[in-house]
Every structure is written in structure tokens, then in C-alpha cells.
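# A structural walkthrough
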Amino acid sequence: MSLFNICILKEVDSLDQKASAKNLEKWIEELDQFNQTPGNGTTRPVYTKEDMEARRYVRDLMSSVGLEVTEDNAGNLFGVLPGEDPSLDPVWTGSHIDTVPNGGKYDGIAGVFAGIEALRMIKESGAPHKRNLSVNVYSGEEMSRFGVCCIGSRAISGRLHLEDLKAHSEPSGKSLYEALKDAGYQPDSFDQEFPCKTPVYASLELHIEQNDVLEKAELPVGIVTGICAPTNLVVEVFGVQSHAGGTSMTARRDAYMAAAEISLLLERLALESDSMYITGTVGEMALEPNAANVIPGHVTFSVDIRSVALEDKDALLEKFFSGIKEIEERRKVRVTTEMMNHDKAVICDKHIVELAREVATDLDIPVMDIVSGPYHDSLMLGDITNVGMIFVPSKDGISHNKAEWTSIEDIARGTDILANTLLKLANEA
Ligand code: HGY
Ligand code: MN
Ligand code: MN
């Protein structure tokens with residue numbers, strides 16, 4: 001690895017203790033009280049009352065295990081375990097605690113508590129480490145509230161600026177800028193504070209897999225080698241609103257039927273693509289006026305495209321846009337597309353991947369390499385440091401769903417690998 005001087009100053013044995021499944025389970029369950037939809041999955045949008053209460057819980061927990069807690073102007077939390085030489089670039093871990101609507105209680109959350117447990121283990125073991133270790137909570141990883149994902153890690157990596165905060169808003173019309181202000185942050189100084197000014201030596205994030213590859217392979221842990229990246233668009237179709245009974249089928253300029261045809265075009269292009277890991281999804285759609293006996297005159301919908309290769313997304317987008325043109329002409333509607341983000345994938349750092357594999361072998365935990373279809377905060381952190389990820393299995397591959405479930409034992413095993421790999425990274429010169 002070019003940026004690492006791989007010379008471990010002193011042989012650091014692996015930790016003499018295992019992760020506490022009891023801690024992990026307790027923290028995951030307790031955090032779930034901060035939820036807008038109890039009994040119907042977990043809903044904790046970024047910068048809402050529930051999110052701010054959940055942050056307070058995590059801050060208190062970080063302090064209680066002896067970490068020094070700070071917060072930046074995007075609400076990112078940093079729980080630091082000081083090393084022997086704080087002048088060295090730190091090693092980071094962490095994830096997010098916000099959720100999609102009616103989602104699960106492990107997505108992101110497992111990685112935050114695995115990070116806190118890992119630093120607790122290192123502190124209690126007394127194992128020496130040169131570099132500061134920091135477990136972080138990144139704000140707003142989910143795009144559900146403001147249509148932009150990874151708010152906190154995007155800010156840290158320099159991909160989010162003050163003008164973006166004003167450009168992104170939730171359906172009620174409240175902008176990300178206003179939500180930050182309401183939550184007590186000072187967004188006006190955003191461009192002075194971000195991107196992150198201090199170099200970071202490495203970042204290693206634990207996350208649930210959100211697919212069923214590990215479960216099918218009957219393995220408790222995966223070492224991530226690449227993270228797919230999202231391209232998100234907002235598509236609007238303008239047709240003619242008219243009477244469902246009075247307008248003949250041939251006279252219609254039906255905005256919804258055009259939107260439906262564009263959605264099916266996206267699905268066909270993703271299915272036909274020979275790219276690994278390419279996906280196309282329409283997750284949000286608003287019809288106007290949304291009445292059973294009125295042909296919709298205006299439809300707005302989301303498009304989410306993922307791939308591990310930017311050129312594969314570009315190839316699909318080219319066909320998608322020309323297909324939209326044909327639909328637009330044939331159906332005599334007008335279609336606009338606005339690209340919200342077009343992110344490039346991250347290939348995880350070889351040295352971190354190898355180190356995590358070695359630790360897994362030392363701990364006698366069987367692992368496999370795996371690519372992440374979902375994006376994560378590590379995708380953004382890949383702009384400023386070398387990143388790695390550790391996956392733990394999702395039952396039936398389900399996530400972004402109240403049925404999301406990962407066994408605490410698997411999270412504990414993943415945490416054992418996380419803790420020992422972080423310790424080794426923190427002792428590299
Ligand atoms: O959508 C994603 O990939 C992530 O889970 N937010
Ligand atoms: Mn998610
Ligand atoms: Mn996540």
C-alpha cells in the first residue's frame with residue numbers, strides 16, 4: 001500500500017478479550033427507543049427529535065466507556081481513545097444511526113456500537129497503540145429525508161457545501177440548511193469547516209451486509225473489497241391532466257403511464273447490463289393530482305442506479321436518456337431529469353483487507369471477500385483516506401425493512417476482527 005509505511009513498531013499481540021455480545025445487544029435495543037414508528041420498524045430521520053435524542057444516548061455511552069467526545073458542524077460525533085502519539089494521523093471507525101422510514105435497527109447502528117465496543121476492549125486491555133483511535137457517528141447516511149445521502153461523511157470528504165445545504169429540502173419544503181440550524185448547528189460556517197482538515201491514516205467500518213451472500217455461504221463475516229456507488233436522479237413527467245372517463249385512450253398525455261414506461265426501461269437496462277452489481281430502482285413517486293378519476297398531469301419520481309464501475313453507470317445512463325427521449329416524443333409529454341449525485345465507487349485498500357483477513361485467521365473466524373451493493377459512509381471517506389469494511393450477515397438478505405435482523409453473535413465476531421485490526425493499524429508507523 002503506497003501511503004502506509006508497513007513497519008509495525010512493536011509486535012502487538014491480539015487482544016486478550018472478546019467482544020461483549022451483552023453490551024452490543026443492550027445498546028442496539030436501547031437505541032431503538034428513539035423511533036418515530038415503534039412497532040412498525042425503526043424510523044429515525046436525520047436531525048429530527050428522535051435522531052438528536054439518539055445522538056445524546058451515543059455521546060453519553062462514548063463518555064461512559066472513557067472516550068473523549070467532540071461534534072462538528074454537521075453533527076458528526078467523534079469518540080476518541082487517545083494514542084501514545086496524538087500527532088500521528090488517527091485511525092477511524094464508525095457508521096450512522098439515522099434510518100430509512102420503517103427500516104431496521106441494525107443498519108449503521110451495528111457499526112457504531114461495534115466501534116464503541118472495539119475501543120472499549122482496546123482501552124480495557126491496556127494494549128498500547130500509537131495513533132488516536134476514533135469511533136464516529138456520521139450524520140444522515142440515508143437519503144430519505146433530504147434526497148442527499150451521507151451528509152456528514154460527504155461534508156468531511158468535501159463533497160457537500162453550503163450551497164448544497166440550501167438546494168436540498170424535504171417534501172415539506174424545509175431545507176437541509178434550515179434543519180441544521182433548527183438542530184443547533186451553524187451551517188453558515190460550513191465551507192470554512194469542511195472538508196476535514198486533519199489527515200486520517202485509515203478507516204474501517206463494520207456494517208450489516210444487506211444481502212444474503214454471507215448467509216448462503218454460511219459465514220459469519222465478510223471482508224469488503226469494493227463499495228458500489230449511487231447515482232440519484234429526480235425525473236419529472238409533464239403531461240395533460242384530464243378526465244379518466246371523458247378522455248379517449250388515444251387522446252391522452254398521461255404523465256403516470258409515461259413514468260411507468262420509463263421505470264420499466266430502467267429495470268430492463270439494469271437486467272440487460274453485463275456489469276457486475278448494477279442495479280436500478282424507482283423508490284419514490286408522486287402523482288398529481290393523485291385522484292382515482294383523473295389522468296395524472298404531473299409525476300415526479302426518484303431513480304437510484306448503483307454499480308461498482310462508473311463507466312457501467314455511464315453506459316446505462318446513455319441508453320436511459322435516449323430511451324426517455326423516444327417515450328417523450330411518442331407519448332407527447334415533456335420529461336426533465338435532474339442529477340442529484342453521480343458518485344464513483346471505492347475499491348477498499350488492499351493492506352486493510354489483508355490485515356483484516358489475517359486477524360480473522362488468527363481468531364479462527366472463517367471469512368470471505370465480498371462487494372457491497374449498498375453505499376456506506378466509507379464510500380465518501382475513500383476521498384480522504386484508505387478504507388476497509390467488515391460485513392456481518394443479514395437474515396434472508398433483508399434490510400431497509402422492519403424484518404432486518406443480524407445475530408448478535410455474528411456482530412460480536414465481526415467486532416473481534418474490527419478491534420484487532422484497528423489495534424494493528426493504530427500501531428503502524
Ligand atoms: O441505500 C444505501 O445503499 C444505504 O443503505 N443507505
Ligand atoms: Mn441504509
Ligand atoms: Mn447503512
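Just so it is clear, the structure is predicted and the values come from calculations on it, not from any experiment.

Rules and cut-offs
Residues numbered from 1 in each chain as written. Chains lettered and ligands numbered in written order. Predicted model: local features only at pLDDT ≥ 70, side-chain atom pairs only at ≥ 80, totals over all residues. Heavy atoms only, no water. Donors = N, O, S within 2.8 Å, 3.2 Å for Na, K, Ca; no water. Helix = DSSP H or I, 4+ residues; strand = E, 2+ residues; numbered from the N terminus. Buried < 20%, exposed > 50% of the residue type's maximum accessible area, 1.4 Å probe, protein only. Domains from an automatic or database assignment. Contact = heavy atoms within 4.5 Å. Buried area = accessible area lost by both parts, 1.4 Å probe. Salt bridge = Lys/Arg side-chain N within 4 Å of Asp/Glu carboxyl O. Polar contact = N/O pair within 3.5 Å; in protein donor to acceptor, adjacent residues only side chain to side chain. Nonpolar A, V, L, I, M, F, W, Y, C, P; charged D, E, K, R; others polar. Expected span 1.5 Å × (residues − 1).

### Quick word on the coordination of the manganese ion (ligand 2)
Around a metal, the ideal angle is 109.5 degrees if four donors adopt a tetrahedral arrangement and 90 or 180 degrees if six donors adopt an octahedral arrangement. Within the protein, the manganese ion (ligand 2) binds to D107 (OD), E142 (OE) and H400 (NE2); these donor distances fall in the range 2.1 Å. Read in sequence order, the donor residues for the manganese ion (ligand 2) give the motif D-x34-E-x257-H. In this model, the manganese ion (ligand 2) sits 3.4 Å from the manganese ion (ligand 3), the two metals being bridged by D107. Within this pair, whereas D107 is found in the loop between β3 (91–95) and α3 (109–125), its partner E142 is found in the loop between β4 (133–137) and α4 (151–157), the two being separated by 35 residues in sequence. For the pair D107 and E142, one class covers both residues: buried.

### A word on the domain arrangement of the protein
Looking at the assigned domains, one finds that the protein contains domain 1 (21–228 + 345–426) and domain 2 (229–342). Between the C-alpha centres of domain 1 and domain 2 the distance comes to 33 Å. Contact residues are listed per partner, giving 13 residues for domain 1 and ten residues for domain 2. Together, the buried faces of domain 1 and domain 2 total about 970 Å²; carbon and sulfur atoms form 67% of this surface. When the buried surface of domain 1 facing domain 2 is broken down by residue, C228, A345 and V371 rank first, second and third, together holding 40% of it. Counting across the domain 1 and domain 2 interface gives zero salt bridges. Taken together, the connections running from domain 1 to domain 2 amount to zero residue pairs in polar contact (both at pLDDT 80 or more). For the side of domain 1 that touches domain 2, the per-class residue count stands at nine nonpolar, three polar and one charged.

### Regarding the environment of L88
Here L88 lies in the loop between β2 (77–81) and β3. Given a relative accessible area of 24%, L88 falls into the partly exposed group. In the structure, L88 is positioned 45 residues away from L133 in sequence and 11 Å away in space, judged by C-alpha atoms. L88 has contacts with K130 and R131, leaving out every residue within four places of it along the chain.

### Things to note about unusual backbone geometry
Cis rather than trans, the peptide bond between F194 and P195 has omega equal to 0°. Tracing the backbone through its elements, the reader meets P195 in the loop between α7 (190–193) and β5 (202–208). Residues E288 and P289 are joined by a peptide bond in cis, for which omega reads 10°. Even without glycine at this site, D396 takes up a positive phi of about 55°. For D396, the position within the fold is in the loop between β16 (386–392) and α13 (408–426). Looking at D396, the relative accessible area reads 46%, which means it is partly exposed.

### Looking at the coordination of the manganese ion (ligand 3)
At this site the manganese ion (ligand 3) is bound by H96 (NE2), D107 (OD) and H207 (NE2), with donor distances of 2.1 to 2.3 Å. Donor residues for the manganese ion (ligand 3), ordered by position in the chain, follow H-x10-D-x99-H.

### Some remarks on α13
Structurally, the α-helix is built with 3.6 residues per turn, so residues lying three or four positions apart point the same way. With 19 residues, α13 should cover 27 Å at 1.5 Å per step; its first-to-last C-alpha distance of 26 Å lies within 8% of that length. For α13, the tally of buried residues reaches 17 of 19 residues, placing the bulk of the element in the interior.

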